[in-house]
Amino acid sequence: MVPFTRIFWIVLDSGGIGALPDAAEYGDTGRNTLGHIAESRPLNLPTLLSLGLGDIAPLANLAPARNPRAAFGKAATHSPGKDTTTGHWEMAGIWLPQAFPTYPHGFPPEVIHAFEAKIGREIIGNKPASGTEILKELGEEHVRTGKPIVYTSGDSVFQIATHEDVVPIAELYKMCGIARQLLDGPNKVGRVIARPFTGSPGNFTRTPRRHDYAVDPPKPMLLDVLADRGVPIHGIGKIHDIYNGRGLQDYVTTVSNADGMQKLTDAAQKRSAGLIFCNLVDFDMLYGHRKDVEGFAKSLEEFDAQLKVFLDSLLASDLLILTADHGCDPDLRWPTTDHSREYVPVLAYSPKLAAHAESSRNLGIRETLSDLGQTVAENFGTKIPHGQSFLSQLL
């Protein structure tokens, strides 16, 4: 018998909780995603506070719980970088020796020329940009000419935006597959991302049919070793794309955080064992990168209400892990729209914890995100290359 029959793992994409000691190397001194959102106005987060969110680090207007229901702490990213792939891979036990390449001046001519030759079209863009701003700038030209918009950001991404009425979605996905094959060696970016959009000039809107093409993770990693043990893994949201489907028994995509929480609740009703792994991307995609502090705040409050309902569905044999993969501080005092190099919160809750002494619940500062994956691995009777499990503190 395993200690926890089911583990529900939720990644609040970009929900960082304060700058890491090496943040200055990334231009992120002082950035604090949750901290600055909490400073913006009082937040209504009773469920997260009851679990111990306010006990992890000081948050304005949010008092620590007297007796938090969950084990709490924060974790550092050991690998260089501050992107989705780096964070999720490290959770699964992968430490990167160097960061994925980034392109602050756009992609080199040899990359762009090879891509254009393969797809049979010229491209426009080829620079770092906000996803919404690049559509304002180049969307009309794309619609007129059919030239795909290629852009990047502060992260290691090659993004291709096309209008669904101009370039069929299947052709966009094919272009992304071509880019993924071309971007190798020194130009092996973390992700190629399809960014379809619709609408008319002045009113372009990105659609939910985004698709990520990640680098194949090295072996062994958490999802591999769990699959080898026969542990069923169900992915929700971007999880399939981030790990290239490795180890997953099945998966579902999502169109919003609310959709993700509904699918997580559905999984709790239908699945009797294994890992249910969910990424909620709205915090990052809709609010962090767009510098929307109030939108981020409202989204946290909506998640908190949905989390309360979800907790009621958990059994004594279940474990819930809540964390993030990096930060994306929307505070306007930092003009960048890029991710931020931050600690991430760690909350681990089970109805079993109700009988534990409060002193056992402080997980402290974890040196690597791999501690989370190692905890999951130990629960199911296996291990991954890096990380120290905190399973014993939950038992």
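Computed from a predicted structure; not experimentally measured.

Analysis parameters
- Residues numbered from 1 in each chain as written.
- Predicted model: local features only at pLDDT ≥ 70, side-chain atom pairs only at ≥ 80, totals over all residues.
- Heavy atoms only, no water.
- Core = buried A, V, L, I, M, F, W, Y, C linked by side-chain atoms within 4.5 Å.
- Buried < 20%, exposed > 50% of the residue type's maximum accessible area, 1.4 Å probe, protein only.
- Helix = DSSP H or I, 4+ residues; strand = E, 2+ residues; numbered from the N terminus.
- Contact = heavy atoms within 4.5 Å.
- Axes fitted to C-alpha atoms, helices over the stretch in contact; angles between N-to-C directions.
- Parallel < 35°, antiparallel > 145°, perpendicular 65-115°, else oblique.
- Nonpolar A, V, L, I, M, F, W, Y, C, P; charged D, E, K, R; others polar.
- Salt bridge = Lys/Arg side-chain N within 4 Å of Asp/Glu carboxyl O.
- Arc of directions from axis to C-beta.
- Pairing = 2+ DSSP bridges.
- Right-handed = clockwise from strand over helix to strand, strands pointing away.

A. Expanded view of the nonpolar core. With 45 residues, the main nonpolar core has Phe303 and Leu322 as its most contacted residues. The element contributing the most residues to this core is helix H12 (residues 293-311), with eight residues. In contact with Phe303, not counting residues within four places along its chain, are Ile10, Leu12, Leu48, Met261, Leu280, Phe283 and Leu322.

B. Examining the packing of helix H10 (residues 257-270) against H12 more closely. Their axes nearest at 10 Å, the elements H10 and H12 cross at an angle of 10°. With respect to their mutual orientation, H10 and H12 come out roughly parallel. Residue-level inspection shows Asn257, Ala258, Met261, Leu264, Thr265 and Ala268 of H10 in contact with H12, the latter providing Ser299, Phe303, Gln306, Leu307 and Phe310. Grouping the constituent residues of the contact of H10 with H12 by class yields seven nonpolar, four polar and no charged.

C. Main features of the side chain of Arg6. With respect to the helices, strands and loops of the structure, Arg6 is situated in strand E1 (residues 6-12). Residue classification places Arg6 among the buried positions, given a relative accessible area of 4%. Residue contacts for Arg6: discarding those within four places in its chain leaves Ala267, Ala268, Arg271, Ser272, Ala273, Gly274, Ser313, Leu315, Ser317, Asp318 and Leu319.

D. A look at the packing of helix H1 (residues 33-40) against H12. At a minimum axis distance of 10 Å, the contact between H1 and H12 shows a crossing angle of 95°. It follows from the interaxial angle that H1 and H12 lie roughly perpendicular. Contacts between H1 and H12 involve Thr33, Leu34, Ile37 and Ser40 from the former and Val293, Phe296, Ala297 and Leu300 from the latter. For the contact of H1 with H12, the residue count by class is six nonpolar, two polar and no charged.

E. A look at the pattern of salt bridges. Within this structure, the stated rule accounts for 22 salt bridges. Notably, a salt bridge pairs Arg6 with Asp318, separated by 2.7 Å at the nearest N-O pair. Residue Arg6 is found in strand E1, and its partner Asp318 is found in strand E12 (residues 318-323); the two are separated by 312 residues along the sequence. Judged by relative accessible area, which is 0%, Asp318 ranks as buried. Taking the shortest distance from any N to any O, the salt bridge between Asp259 and Lys263 comes out at 3.1 Å. Of the two residues, Asp259 and Lys263 both sit in helix H10, four residues apart, roughly one turn of that helix.

F. How the structure looks around unusual backbone geometry. Of note, the amide linkage connecting Lys219 to Pro220 takes the cis form, showing an omega dihedral of -5°. Note on placement: Pro220 falls in the loop between strand E8 (211-214) and helix H8 (222-228).

G. Region of interest: helix H5 (residues 109-119). All buried positions along H5 are accounted for by Val111, Ile112, Phe115, Glu116 and Ile119. For H5, the buried positions fall inside an angular range of 125° around the axis, keeping them on one side. Those residues of H5 that are exposed and angled more than 90 degrees off the buried face are Glu110, His113, Ala117 and Lys118. Check the buried side of H5 and you find it contacts strand E3 (124-128), strand E4 (149-152), strand E5 (157-163) and helix H7 (169-182). Within two residues after H5, Gly120 carries a phi angle of roughly 75°, on the positive side.

H. A look at the pairing of E5. Summarising burial for E5: seven of the seven residues are buried, a large majority. Every second residue of E5 is oriented toward a common face, with Val157, Gln159, Ala161 and His163 on one face and Phe158, Ile160 and Thr162 on the other, all of them buried. With three bridges connecting them, E4 and E5 associate as antiparallel partners. Bridge pairing in E5 links Val150 to Ile160. Between E4 and E5, which follow one another and run antiparallel, lie four residues. For E5 and strand E6 (residues 191-198), the ladder comprises seven bridges, and the chain directions are parallel. Counterpart to Gln159 in the pairing with E6 is Ile193. Each parallel crossover has a hand, and for E5 linked through H7 to E6 it is right-handed.

Keep in mind these numbers describe shape, not what the thing actually does.
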